[in-house]
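Listed here are the chains, written in short residue letters.
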Number of protein chains: 2
Amino acid sequence: MRRIAPDRDGLLAMIGEVFREHGYEGASLALIGEATGLGKGSLYHFFPGGKEEMARAVIAHINGWFEDNVFAPLRDSVDPLAGIGHMFAATDGYFRSGRRVCLIGAFALDDSRDLFADQIRDYFGRWVTHLAEALVRSGHRPDEAGELAEETVAAIQGALTLARAANDLDVFSRALRRLRRRLGLPANI
Amino acid sequence: MRRIAPDRDGLLAMIGEVFREHGYEGASLALIGEATGLGKGSLYHFFPGGKEEMARAVIAHINGWFEDNVFAPLRDSVDPLAGIGHMFAATDGYFRSGRRVCLIGAFALDDSRDLFADQIRDYFGRWVTHLAEALVRSGHRPDEAGELAEETVAAIQGALTLARAANDLDVFSRALRRLRRRLGLPANI
DNA sequence: GGAGTATTGTACCGATTGGTACAATGTGTC
DNA sequence: GACACATTGTACCAATCGGTACAATACTCC
């Protein structure tokens, strides 16, 4: 019996890709087992709560990544524009310039939203809030900053949808470029 | 044996709601049967190709609705701004001010995109193209109009995602209001 | 090396999946 | 009423679903 001993981060990343590509319903335990190289025995050992616990852990994992790589820079950068620039760079990297889709956004659209409503609302809510605060610090009026933040996060989600629908990565790149300009950043980082 | 004789439009609308709420994978024949009041015998009589043919017909049905109620006004209105206003009103109505989600956008995100790639690309492509042409007619430069159209359609998709994630319909209303203003329309229709 | 725990493969479960077959019944037409 | 065709309910199929049970193996620490 070989011992793979996948670290939890790597494991969650692999499971996350399955959910991302197939959705919550479409991600069968067979697919997850295939992607991770683990049988049901192992999967239910690490996630006694089954598929739902896996999804919950994956969402929390993504939430943590955004906390560290997107929200923290937005909150802690001395120069708010630099923090916003960091956000765009991390976002472009995370979604692989449009090749990848937002798992949490996809979950928000169908049935599975009801299962993970709190985590989903938290993810988008924090993104909008932290971006809005950075925009306030960069000189925007609070109400205007709130709308601009909401508009930006929605535009990113919409661009991911449209890029995948059109099968054209440039859709996503163009959207990020427009958003950068509107938020007061130089055209390229 | 009672005879319901649902007209095809009503039938496709009912099936469409199931796909919209549960996604392609999640929409089981049991759910579809329950929603339509039809057994498998009837469903496979009307759609010999099974679930895939049902989904294809539903997407085509939606495509047709948008052709009549969104794209045609964009193309045929003498006043392009009136056509664009018509588009926003129809869009707000169709998505029930954010209560409803875009089935085709949801399909674009997961596995099912590969099954329906042509129809999905067609839907979004026509929307962007027709909006861009109306924007050109209203005075925008062609390249600028293309970007603005793409941005608008993406913003609508993103707003639907965000509204459902936040469980807050105002997110969608605010997005539509901003888009109307940016495209040169009066604040309320 | 032995004890205790972590991990794993396998067999199995009932329920549900999409799909097929087909006879029975409804409906419209002459 | 008789015929043709449209529609439907039911029974059935193999495959897969998520999940459980458990014994066998790996690993860790003494």
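Please refer to the structure higher up on the page.
Read on for an overview of the structure. Residue numbers run consecutively from 1 along every chain, following the written order of its sequence. Each chain gets a letter, beginning with A, and each ligand a number, beginning with 1, in the order they are written. Local features in a predicted model are, by the rule used here, given only for residues with pLDDT of at least 70; side-chain atom pairs are given and counted only at 80 or more, and totals for whole chains, interfaces and linings are based on all residues. The basis for every side-chain value is the complete set of non-hydrogen atoms in the structure, without hydrogens or water.

### A few points about helix α9 (residues 142–166) of chain A
Quick reminder: α-helices carry 3.6 residues per turn. Residues three or four places apart thus point the same way. Numbering of helices and strands starts at the N terminus; helices are DSSP runs of H or I of at least 4 residues and strands are runs of E of at least 2. A helix is expected to span 1.5 Å multiplied by its residue count minus one. Look at α9 of chain A: 35 Å from first C-alpha to last across 25 residues, which is about the 36 Å you get at 1.5 Å a residue. A positive backbone phi angle near 55 degrees is found at Asn167 of chain A, which sits one or two residues after α9 of chain A.

### Quick word on the relation of the copies chain A and chain B
Two copies of a chain can be linked by a rotation about an axis combined with a shift along that same axis. In this comparison the copies share one frame, found by least squares on the C-alpha atoms of residues holding pLDDT of at least 70 in both. When chain A is fitted to chain B, the residual RMSD is 0.0 Å, and the transformation amounts to a turn of 180 degrees plus an axial shift of 0.0 Å. The two molecules are tied by a two-fold rotation axis, judged by turn and shift. Across chain A, the rotation axis passes nearest the C-alpha of Gly158 of chain A, at a separation of 1.9 Å. Most of the interface of chain A is mirrored in chain B: 100% of its interface residues are interface residues there too. Whether two residues are in contact is decided by their heavy atoms, any of which lying within 4.5 Å being enough.

### Describing the packing of aromatic side chains
We call Phe, Tyr and Trp rings a pair once their centres come within 6.5 Å, taking the six-membered ring for Trp, and we label the pair stacked below 30 degrees between planes, edge-to-face above 60, and tilted otherwise. If you walk through the whole model with that rule in mind, you get 33 aromatic pairs over all chains. Taking the centre distance of 5.3 Å and the plane angle of 80 degrees together, the rings of Tyr24 of chain A and Phe116 of chain A count as edge-to-face. Taken as a pair, Tyr24 of chain A in helix α1 (residues 8–26) and Phe116 of chain A in the loop between α7 (112–115) and α8 (117–137) lie far apart in primary sequence, 92 residues in all. The residues Tyr24 of chain A and Phe116 of chain A share a single accessibility class, namely buried. With a centroid separation of 4.9 Å and 70 degrees between ring planes, the pair formed by Phe66 of chain B and Tyr94 of chain B is classed as edge-to-face. Here the residue Phe66 of chain B occupies a position in helix α4 (residues 50–76), and Tyr94 of chain B occupies one in helix α5 (residues 80–94), the gap between them amounting to 28 residues. In this scheme, a residue with accessible area under 20% of its type's maximum is buried, one over 50% is exposed, and one in between is partly exposed, where area comes from a 1.4 Å probe on protein chains only. The buried category is assigned to Tyr94 of chain B, whose relative accessible area is 10%.

### Comments concerning unusual backbone geometry
The phi torsion of most residues other than glycine is negative, and most of the peptide bonds are trans. All names here are of chain A. Although it is not a glycine, Arg96 sits at a positive phi angle of roughly 50 degrees. Classification of Arg96 by relative accessible area gives partly exposed; the value is 44%. With a phi angle near 55 degrees, Asn167 is a residue other than glycine that sits in the positive phi range. If you trace the backbone, Asn167 turns up in the loop between α9 and α10 (170–182). The exposure class of Asn167 is exposed, given its relative accessible area of 54%.

### Quick word on the interface of chain A and chain B
Contacts between the two partners involve 37 residues from chain A and, on the opposite side, 37 residues from chain B. The term buried area refers to how much accessible surface (probe radius 1.4 Å) is lost by two components on association, counted for both of them together. For the pair chain A and chain B, the summed buried area comes to about 3500 Å², and 52% of that belongs to carbon and sulfur atoms. On the chain A side of the contact with chain B, Leu109, Leu162 and Arg164 of chain A bury the most area, a combined 20% of that side's loss. One salt bridge connects Arg178 of chain B with Glu151 of chain A, and the closest N-O pair in it is separated by 3.5 Å. Nitrogen and oxygen atoms within 3.5 Å of one another constitute a polar contact, given that in protein one can donate a hydrogen and the other can accept it, and given that sequence-neighbouring residues count only through two side-chain atoms. Put simply, chain A and chain B have 18 residue pairs in polar contact (both at pLDDT 80 or more) between them. For the side of chain A that touches chain B, the secondary-structure elements that each account for two or more residues are α1, α6 (103–109), α8, α9 and α10 of chain A. Tallied by class, residues from the side of chain A that touches chain B come to 14 nonpolar, 8 polar and 15 charged. We define a salt bridge as a contact between a side-chain nitrogen of Lys or Arg and a carboxyl oxygen of Asp or Glu at a distance within 4 Å. Under the scheme applied here, ten amino acids are nonpolar (Ala, Val, Leu, Ile, Met, Phe, Trp, Tyr, Cys and Pro), four are charged (Asp, Glu, Lys and Arg), and all others, including Gly, are polar.

### Here's the deal with helix α2 (residues 29–36) of chain A
Residues and elements named next belong to chain A. All of the buried residues along α2 are Ile32, Gly33 and Thr36. Within α2, the buried residues cover an arc of 100 degrees as seen down the axis, which keeps them to one side. Among the exposed residues of α2, those oriented more than 90 degrees off its buried face are Ala30 and Glu34. Contacts from the buried residues of α2 go to α1, α3 (40–46) and α4 (50–76). A positive backbone phi angle near 75 degrees is found at Gly37, which sits one or two residues after α2. Here the arc refers to the set of directions running from the helix axis out to each C-beta atom.

### Quick word on the nonpolar core
The biggest cluster of nonpolar side chains holds 123 residues, and the ones touching the most others in it are Phe19, Phe95 and Trp127 of chain A together with Phe19, Phe95 and Trp127 of chain B. Each residue touching Phe95 of chain B, except ones within four places of it in the same chain, is listed here: Phe66, Arg100, Val101, Cys102, Tyr123, Trp127, Ile156, Leu160 and Phe172 of chain B. Among the buried residues, those of types Ala, Val, Leu, Ile, Met, Phe, Trp, Tyr and Cys that are joined through side-chain atoms within 4.5 Å form a nonpolar core. Membership of the second largest hydrophobic core comes to 6 residues, among which are Val101, Ala106 and Leu109 of chain A together with Val101 of chain B.

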